[in-house]
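Chain and residue survey
The chain contents come next:
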Amino acid sequence: MAKNKIQFQRGMSIPDFITQYGTEKKCRDALFQLRWPNGFVCPLCSNATYCEIKSRKVFQCNRCHHQTSLTAGTIFQSTHLPLTIWFLAIYLLTQNKNGISGLELSRQIGVSYNAAWRIKHKLMQVMLERGGTKRLHGRIEIDDSYLGGKRVSGKRGRGAGRKTPFIAAVETDMDKKPQRIKLSKVNGFLQEEIERWSIENLEPGTRVVSDGLACFNAVVNAGCVHETHIVGSGKQAVEHPAFKWVNTILGNVKNSLKGTYHSFQKKHIPRYLAEFQYRFNRRYDLPSMIPRLAYIALRTPPMPLRLLSFAEQKW
Ligand SMILES: [Zn+2]
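Definitions and limits used
Residues numbered from 1 in each chain as written. Predicted model: local features only at pLDDT ≥ 70, side-chain atom pairs only at ≥ 80, totals over all residues. Heavy atoms only, no water. Pairing = 2+ DSSP bridges. Helix = DSSP H or I, 4+ residues; strand = E, 2+ residues; numbered from the N terminus. Axes fitted to C-alpha atoms, helices over the stretch in contact; angles between N-to-C directions. Contact = heavy atoms within 4.5 Å. Disulfide = S-S within 2.5 Å. Donors = N, O, S within 2.8 Å, 3.2 Å for Na, K, Ca; no water. Tetrahedral: all angles 85-135°; square planar, octahedral: opposite > 155°, others 65-115°. Buried < 20%, exposed > 50% of the residue type's maximum accessible area, 1.4 Å probe, protein only.

The mixed open sheet is built from 5 strands, whose spatial order is 6-5-4-7-8. Of all the strands in the sheet, the pair left with one neighbour each is strand 6 (178-185) and strand 8 (225-228). Taken pair by pair, the neighbouring strands of this sheet meet at an average axis angle of 25°, ignoring direction. With 3 bridges connecting them, strand 4 (residues 139-147) and strand 7 (residues 207-210) associate as parallel partners. Looking at the pairing, I140 lines up with V208 of strand 7. Contacting strand 4, strand 5 (164-172) and strand 6, helix 8 (residues 244-261) runs over the sheet at an angle of about 35° to strand 4.

See below:
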């Protein structure tokens, strides 16, 4: 049987990880390189010369004497945990196909559940903010879906009570193989919501393939071309070739979230979707996910618990 090149790719082994990020100095050096790839730059006056005050772990600008730490102004700011713990969390979050629950993370990195939860949600917030930046293009399959909540008796799928609605979109290449995905929580499946989402997430000219749900017509208002396939419901709809990938991804998302988390709060759903999306879109290069996530974490502003809760309201 042919080997699946994604499943069988070489990830980063634990010995490789320890070699690269196993000590506090290695983690500090890695972060320094990622934060200042061309050498130190003073955040206040852009001067490049500095001295290091090792006892306080700060860098002092030689011109304006401003002092800054490696993690000031980043998602790692004011952490009391060693950087080795942060890198280990990044490793576990990115290298496992289905992610890792807060509870399991706390066991594996040896910190309290609350501390593990905060690390995990800060890193998921980094993924969420990053995920919004690149728009899909070419051909995409799109579908409406729901997560969580209790099913109201007799109602399934569309319109089911208290579930969280989200859009699943899969960009496919010339061979109709999946490339990138977007999983976005929406405020219901209404024309104006789909229009807003399309402007934000799709390049004009994108060919959008959907079933007959009326709201998806709104993609034309974002300059996209709409292709509709009326598929009926049930098994026939799920197996329709036009939606092969969006249905596969939806099945994987739901199984992955159910398998890893068992239950999660509704308000955190955008972060869980962002986490799945982040890993999927970078699945061809597992080892590079560690420095890449650290790189954007350094460019994401600090997020104390108060703000971490505030961000949940926004989505
Ligand atoms: Zn300065």
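Now, onward.
Moving on: the environment of K122. For K122, the position within the fold is in helix 5 (residues 113-131). Spatially, the C-alpha atoms of K122 and A297 are 8.7 Å apart, while their sequence positions differ by 175 residues. Leaving out residues up to four positions away in the same chain, K122 has contacts with I75, W86, M303 and L308.

Across the sheet, 3 strands lie side by side as 1-2-3; this open sheet has antiparallel pairing. Pairing within the sheet leaves two strands with one partner each, and these edge strands are strand 1 (50-53) and strand 3 (67-69). When strand polarity is set aside, the average angle formed by the axes of neighbouring strands in this sheet is 30°. Of the pairings in the sheet, the one linking strand 2 (residues 58-61) to strand 3 comprises 3 bridges and is antiparallel in character. Paired with F59 across the bridge in strand 3 is T68.

Here we come to the state of the cysteines. The tally for this structure, following the rule as stated, stands at 0 disulfides. There is no disulfide at C51, and the cysteine sulfur nearest it, in C61, is 9.0 Å away.

At 2.3 to 2.4 Å from the zinc ion lie its protein donor atoms, namely C42 (SG), C45 (SG), C61 (SG) and C64 (SG). Considering all 4 donor atoms around the zinc ion, the spread of angles at the metal, 103 to 113°, places the coordination shape in the tetrahedral class. Sequence spacing of the donor residues for the zinc ion, all on one chain, is C-x2-C-x15-C-x2-C. Note that C45 is positioned in the loop between helix 2 (24-35) and strand 1 and C61 in strand 2, a separation of 16 residues in sequence. On the basis of relative accessible area, C45 is assigned to the partly exposed category, the value being 22%.

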